[in-house]
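Residues per chain, in single letters:
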Amino acid sequence: MEYKSPVYNIISVPIEKIQPNTYNPNAVAPPEMKLLYDSIKEDGYTMPIVCYFDSDKDQYIIVDGFHRYRIMLDYKDIYEREKGMLPVSVINKTIDQRMASTIRHNRARGSHDVDLMSNIVKELHELGRSDSWISKHLGMDKDEILRLKQITGLAELFKDVDFGKAWKPVKETEK
């Protein structure tokens, strides 16, 4: 029998039939949750929620995608737009295999490389995007953008920065 990945059988499931698992150690900070909301609002759900179907309870138990699930619960505009339905990819695994899968999904996401992120900020700046635009669309605060600009070391990136007036040079005659 030929193997077929679950992603080729996405189904639409009412959110009321989906439940979080009890073992996911992953946590997402509020700024990243806001960015996830913005992503889903702008791009829609581009990745399914991975679930196990518990036929005894007629429920789908989340293996991966808890935070995408939370966005629909927490934001009425998303719930209404999606008509309360989430895209689900079902895996049929034992609880130990589901736990391992959850951790693999979490850890496989990795983290962003600072140099690559600095280059992205540089390229966006060169394309004429403001710090405000970068902040809004990449979910970064102004300090993070400034730090990433500093890494590239290009003075051009700082031409529009309004630096504070924390000190003023003293002239020799004022001493």
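In this text, all values refer to a predicted model and were calculated from it rather than measured experimentally.

Draft legend 1. Seen up close, the sheet that holds strand β3 (residues 49-54). Here five strands make up an open sheet; going across it, the order is β1-β5-β3-β4-β2 and the pairing mixed. The open sheet terminates on both sides in strands that have one partner only, identified here as β1 (11-14) and β2 (18-19). Docked against the sheet, helix α4 (residues 95-108) engages β3 and β4 (59-64), running at close to 45° with respect to β4.

Draft legend 2. Broad picture of the packing of helix α5 (residues 114-126) against helix α7 (residues 142-152). Close contact between α5 and α7 brings their axes to 8 Å; oriented N to C, the two are set at 95°. One element, α5, and the other, α7, form an angle in the roughly perpendicular class. Contacts between α5 and α7 pair Val114, Asp115, Met117, Ser118, Asn119, Val121, Lys122 and His125 from the former with Ile145, Leu148, Lys149, Ile151 and Thr152 from the latter. In terms of residue class, the contact of α5 with α7 is built from six nonpolar, four polar and three charged.

Draft legend 3. Inspection of α5 at higher detail. Across its 13 residues, α5 extends 18 Å between first and last C-alpha, which sits within 8% of the 18 Å expected from 1.5 Å per residue. Of the residues making up α5, those classed as buried are Met117, Ser118, Val121, Leu124 and His125. Relative to the axis of α5, the buried residues are bounded by an arc of 125° and lie together on one face. Looking at α5, the residues exposed on the side facing more than 90 degrees away from the buried face are Leu116 and Glu126. Buried residues belonging to α5 abut α6 (131-138) and α7.

Draft legend 4. Structural context of a nonpolar patch on the surface. Taken together, the side chains of Val7, Tyr8 and Ile10 define a hydrophobic patch exposed on the protein surface, amounting to about 320 Å² of accessible area. Structurally, Val7 is set in the segment before β1.

Draft legend 5. Spotlight on the packing of aromatic side chains. Following the criterion strictly, the structure yields three aromatic pairs and no others. Aromatic side chains Tyr37 and Tyr75 sit 3.9 Å apart centroid to centroid with 20° between the ring planes, which places their arrangement in the stacked category. On the criterion of sequence distance, the pair formed by Tyr37 in helix α1 (residues 30-43) and Tyr75 in the loop between α2 (66-74) and α3 (76-81) is long-range, its members being 38 residues apart. For Tyr75, a relative accessible area of 27% corresponds to the partly exposed category. Positioned above the aromatic ring of Tyr52 is the side chain of Arg98, whose terminal nitrogen or guanidinium carbon lies 3.8 Å from the ring centre. Between the NZ or CZ atom of Arg129 and the centre of the ring of Trp133, over which it lies, the distance is 4.3 Å.

Draft legend 6. Here's a closer look at the layout of surface pockets. In this structure, the second largest pocket encloses a volume near 210 Å³. A per-class count over the lining of the second largest pocket returns seven nonpolar, four polar and one charged.

Draft legend 7. A look at the nonpolar core. Ranked by size, the top nonpolar core spans 17 residues in total, and within it Ile18, Tyr45, Cys51, Ile71, Leu86 and Val88 carry the most contacts. Put simply, the parts of the chain that give this core at least two residues each are α1, β3, β4, α2 and β5 (85-90). In terms of nonpolar packing, the next biggest core, distinct from the first, is built from seven residues, Val121, Ile134, Ile145 and Leu148 among them.

Draft legend 8. Structural view of the side chain of Gln59. For Gln59, the position within the fold is in strand β4. At a separation of 3.2 Å, a polar atom in the side chain of Gln59 contacts the side chain of Gln19. Sequence-distant contacts of Gln59, defined by excluding residues within four places in its chain, comprise Glu16, Lys17, Ile18, Gln19, Tyr52, Phe53 and Asp54.

How each quantity is defined
- Residues numbered from 1 in each chain as written.
- Predicted model: local features only at pLDDT ≥ 70, side-chain atom pairs only at ≥ 80, totals over all residues.
- Heavy atoms only, no water.
- Pairing = 2+ DSSP bridges.
- Helix = DSSP H or I, 4+ residues; strand = E, 2+ residues; numbered from the N terminus.
- Contact = heavy atoms within 4.5 Å.
- Axes fitted to C-alpha atoms, helices over the stretch in contact; angles between N-to-C directions.
- Parallel < 35°, antiparallel > 145°, perpendicular 65-115°, else oblique.
- Nonpolar A, V, L, I, M, F, W, Y, C, P; charged D, E, K, R; others polar.
- Expected span 1.5 Å × (residues − 1).
- Buried < 20%, exposed > 50% of the residue type's maximum accessible area, 1.4 Å probe, protein only.
- Arc of directions from axis to C-beta.
- Patch = residues over 30% accessible without salt bridge, like charges linked within 9 Å, V, L, I, M, F, W, Y side chains within 5 Å.
- Areas by Shrake-Rupley, 256 points an atom, 1.4 Å probe, with all protein chains shown as cover.
- Salt bridge = Lys/Arg side-chain N within 4 Å of Asp/Glu carboxyl O.
- Phe/Tyr/Trp six-rings, centres within 6.5 Å; stacked < 30°, edge-to-face > 60°.
- Lys NZ or Arg CZ within 6 Å of the ring centre and 35° of its normal.
- 1 Å grid on protein atoms, 1.4 Å probe; cavity = no way out; pocket = protein on both sides within 12 Å on 5 of 7 lines; lining within 4 Å.
- Points joined across faces, edges and corners; volume = space filled by probe spheres on them.
- Core = buried A, V, L, I, M, F, W, Y, C linked by side-chain atoms within 4.5 Å.
- Polar contact = N/O pair within 3.5 Å; in protein donor to acceptor, adjacent residues only side chain to side chain.

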